[in-house]
Amino acid sequence: MAEPVLETRGLTRRFGALAAVDGVSLAFAPGEVHAVIGPNGAGKSTLLAMLAGELRATSGSIRLAGRDVTRFSPDRISRLGVGRSYQTANVFGELTCRDCVWLAAQSRVRSSMSFFWPAERYAEVGVRAARALNACRLADRHTTPARELSYGEQRQLEIGMMLATEPRVLLLDEPLAGLGHDEAKQVIALLQAVRADRTLVLVEHDMEAVFAIADRVTVLASGRVLETGTPGQIRLSPRVREAYLGNEP
Amino acid sequence: MTLSLFALQLLNGVEYGLLLFLVASGLTLVFGVLGVLNFAHGSFYMLGAYLAYWLSARFGSLWIAIAVGVPLMVAVGLLVEKLAIARLYARDHLSQVLLTYGLVLLFNELQSYAFGNDVQSVPTPAPLSIRIPLGEAQTWPAYRVFTAVACLVLAAAMRQVILRTRFGMRVRAGASNAEMVSALGIDIRRLFAALFAAGTALAALAGMLAAPLTTVYPGMGEGVLILSFVVVVIGGIGSIKGAFLGALLVGLSDVFGKVLLPGFASAIVYAVMAAVLVLRPRGLLG
Amino acid sequence: MKLRVLLAAGALALLAPAFSGDRFWLQFLGKAMITCIFAASLDLLVGYAGLVSLAHAAFFGISAYLLAGLSNQLALVNPLLTLPICLLAAAVAALVIGWLSLRATGVYFIMVTLAFTQMLYYFFNDAPGLGGSDGLYVNDRPRLGPLDFADRPTAYAGIWIALVVTYLLLTRVLRAPFGRVLVGIRSNEQRMRSLGFPTPRYKLVAFVIAGALAGLAGYLDATLYGFVNPAQVGWRQSGLLLMTVLLGGKGTLYGPMIGALLLTFIEHYGEQVTTHWNAIVGAFVIAVVLLMPRGIAGLLRGARG
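Report follows, based on the coordinates.

Calculation criteria
Residues numbered from 1 in each chain as written. Chains lettered and ligands numbered in written order. Predicted model: local features only at pLDDT ≥ 70, side-chain atom pairs only at ≥ 80, totals over all residues. Helix = DSSP H or I, 4+ residues; strand = E, 2+ residues; numbered from the N terminus. Rg over C-alpha atoms; globule rule 2.2 N^0.38 Å. Buried ≥ 20, exposed ≤ 12 C-beta atoms within 10 Å, placed from the backbone. Contact = placed C-beta atoms within 7 Å. Nonpolar A, V, L, I, M, F, W, Y, C, P; charged D, E, K, R; others polar. Expected span 1.5 Å × (residues − 1). Axes fitted to C-alpha atoms, helices over the stretch in contact; angles between N-to-C directions. Parallel < 35°, antiparallel > 145°, perpendicular 65-115°, else oblique. Left-handed = near helix turned anticlockwise from the far one by under 90°.

## A short note on the overall build of chain A
Then, in step 1: When its secondary structure is counted, chain A shows nine helices and 10 strands.
Then, in step 2: Taking 249 residues into account, the globule formula puts the C-alpha radius of gyration at 18 Å, and chain A, at 18 Å, falls close to it.
Then, in step 3: C-alpha atoms of chain A, sized along the principal axes, occupy 60 × 40 × 35 Å.
Then, in step 4: Taking all 249 residues of chain A together, 44% fall into the buried category.
Then, in step 5: Across chain A, every contact between residues at least 6 apart in sequence was considered, and the portion connecting residues at least 24 apart equals 67%.

And the structure:
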């Protein structure tokens, strides 16, 4: 593999006596779509939260493009080019779609410690925001308050907000959770469209989606890495079948 | 400072800290589980003290005053919870601060109207008015021993209730996830009401115990409330053990501060709080 | 658009007493306008950044006491000197107290701001040479050439200008990128962090701006009355100020200013009605929280849309 864009070494997180993530060492290659799957309680969301800087590691390290980011705050990690979406749609409910994406874009284009000129004046931010709204297919809903969107649309908005920060690495926590079949297909198509030049780390339960877009799959169980391989390899692995106890992928 | 003087201040500081702990633990339980910041908590302390004054004057005994006063304050707590606090569960911080602030103003007027604005004293119960000698020059009032012991007993009892009873388990569950507790069919409303009443009673009891020591005066609740806040911030988020430690620290800082640096006594407690914020923002045991 | 017309009309109406010279209205509306500045600055924190701060009265008091000190001890009366010094002092105090307080989150932040306010109250009340609970007179009020701010109409005009400038400044800041960040923080701070915003920094800057404006209010108050005292720094003051924000409608700027005007009226006439005035204020506060959570501005918006 070329130099991994994101990697963990012995990453561990304990809550008291329980190790939610236990000695996880993974390397994510640039440009790949890497799915992380596993039974409930396997530590997938915890792992993602740690990669995003939201949860502090008990031990182990995280490296982003070779740089040790283990103790970095979530905003610092974001500024280094990491985007994050959440298990439940996490948007700015009272703001319009456009304003949500605007804020995301504003975080990159210039320092927001700017007090005098109206925000609208910064055309570059507007351009980026419009681009992101188009990419997530919500351009026609741009004046709608985020809380009035359907759940699926809020997911799209989340991805749009993430895209507006033009991340190199996307951390996606169950982007398809709670979506109906058609909405899920929309989001999968969206992910397919944005994967170019980006690395996606995707925590998911929806196996169909995982096998449709993932280049590689890692299976976690009880906080530990069970196996990493191509979707085909994982599908055939006896260890993985055992971990899922009869859940046929 | 002589050894006996040091011992005197040490005991005073610990006793004061234990009283503060009683008040602060009620406060922590209420916003830890109910999620409501109650500024009127200090008013309950004050009401307790005034009740101690009034009832002990009527019945001639502080013990009877406490025996009657505590159930009375439990009733007050239930009433306040039902009428006012219950409406705050889903509300934002601004609403909580202001509504309970309004309650403080009402309680202050109630106290002023019912008891007047003079400073009142409450006599120490007879058997406890003796003084215990400490070394040659100092003595310590037996009543303070009593209050310190009472607070310790209550603290231990609280610990037992929280760790070993079903009610305590529900309290701990409610503190981590009220929605889940409610979804499990446990009547969260009754739990909250009981908890609020318990917090009220703790504050009031502290006031009753403190009354013979500090005298009873208008505005006595506010000072205690703010010190309780300091205790909670120092001791740590959601930690009763932390509140205990924090209370002792605040009690000792205050007492020793008054003796060693008389001009800056009150500032010392805040300086300790500032230090904790700098070094361990989540509190000592948070 | 209509709102702006109304506000402009209101502002012009407020200018009237400066010309009529009516002593009562000059003092009364002067005080009301000072409270408007005070309330609007708090709204920046409460309504826009989502920070319920009880420390605001502290910065008011620091600035006011400093003016008294500069006038009494150093015979400084030039407002071009004293005003920047007092504003700077308030801003620095806000920086220190803000930095410490913001290390605590949620209700703990509120508690810490209250604790620091009380600390300052005890300081102003107990420290020798500061007049104790009686406070201090400002011996020489600000004077600049022909303008003597001890003269009521002049002070009033100065306060009016300060109010207009404050309002324009705050609206500017809130429409700027900084203002958008504050709204984002209030809406969903976690999301803002994961989008790359170092939110503590923004909150601190908001705290300092608000604190400086509170200092402005304190300076003007000391100028108008020629008098400072510790009660201005207490938590009751902070509580009443929060009340104006809720009453008027948080997050609107003009709402808290309406709230401030209203409360000044109520306080003035209420005190004459009964000695048990506190009970009425208490009941009123509770009623507003329960019945009018979105404040007057909320009612107006409801009536319009």
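## A word on the arrangement of the chains
Then, in step 1: Pairwise contact counts over the two pairs of chains in contact peak for chains B and C.
Then, in step 2: With respect to C-alpha atoms, chain A approaches chain B no nearer than 14 Å, and the pair has no contact.

## Here we look at the interface of chain C and chain A
Then, in step 1: Chain C puts 19 residues into the contact, and the matching count from chain A is 26 residues.
Then, in step 2: Every element with two or more residues in the side of chain C that touches chain A is listed here: α6 (152–175) and α7 (177–194) of chain C.
Then, in step 3: With 10 residues, α7 of chain C is the single largest residue contributor to the side of chain C that touches chain A.
Then, in step 4: Taken together, the residues of the side of chain C that touches chain A sort by class into nine nonpolar, five polar and five charged.

## Points about the interface of chain C and chain B
By a frequent convention, interface size equals the accessible area lost on bringing the separate parts together.
Then, in step 1: Contact with chain C, which involves 32 residues of that partner, is made by 30 residues of chain B.
Then, in step 2: Listed by contribution, the elements that provide at least two residues to the side of chain C that touches chain B are α5 (106–126), α9 (235–248) and α11 (277–291) of chain C.
Then, in step 3: Grouping the constituent residues of the side of chain C that touches chain B by class yields 25 nonpolar, five polar and two charged.

## Overview of α5 of chain C
Then, in step 1: Along its 21 residues, α5 of chain C runs 31 Å from first to last C-alpha, staying within 8% of the 30 Å computed at 1.5 Å per residue.
Then, in step 2: Counting buried positions along α5 of chain C gives 17 out of 21 residues, so the element sits mostly inside the fold.

## Brief notes about the environment of Ala-86 of chain B
Then, in step 1: Checked against the element boundaries, Ala-86 of chain B lands in the loop between α3 (62–83) and α4 (93–115).
Then, in step 2: As for Ala-86 of chain B and Ala-193 of chain B, which are separated by 107 residues in sequence, their C-alpha atoms are 8.3 Å apart.

## Some thoughts on the packing of α9 of chain C against helix α10 (residues 254–273) of chain C
Residues and elements named next belong to chain C.
Then, in step 1: Look at α9 against α10: their axes get within 7 Å of each other, and the N-to-C directions meet at 120°. When the axis of α9 is compared with that of α10, the two are oblique. As α9 runs across α10, the sense of the crossing is right-handed. Only Gly-255, Pro-256, Met-257, Ile-258, Gly-259, Ala-260, Leu-262 and Leu-263 of α10 make contact with α9, whose side of the interface consists of Leu-240, Met-243, Thr-244, Val-245, Leu-247 and Gly-248.

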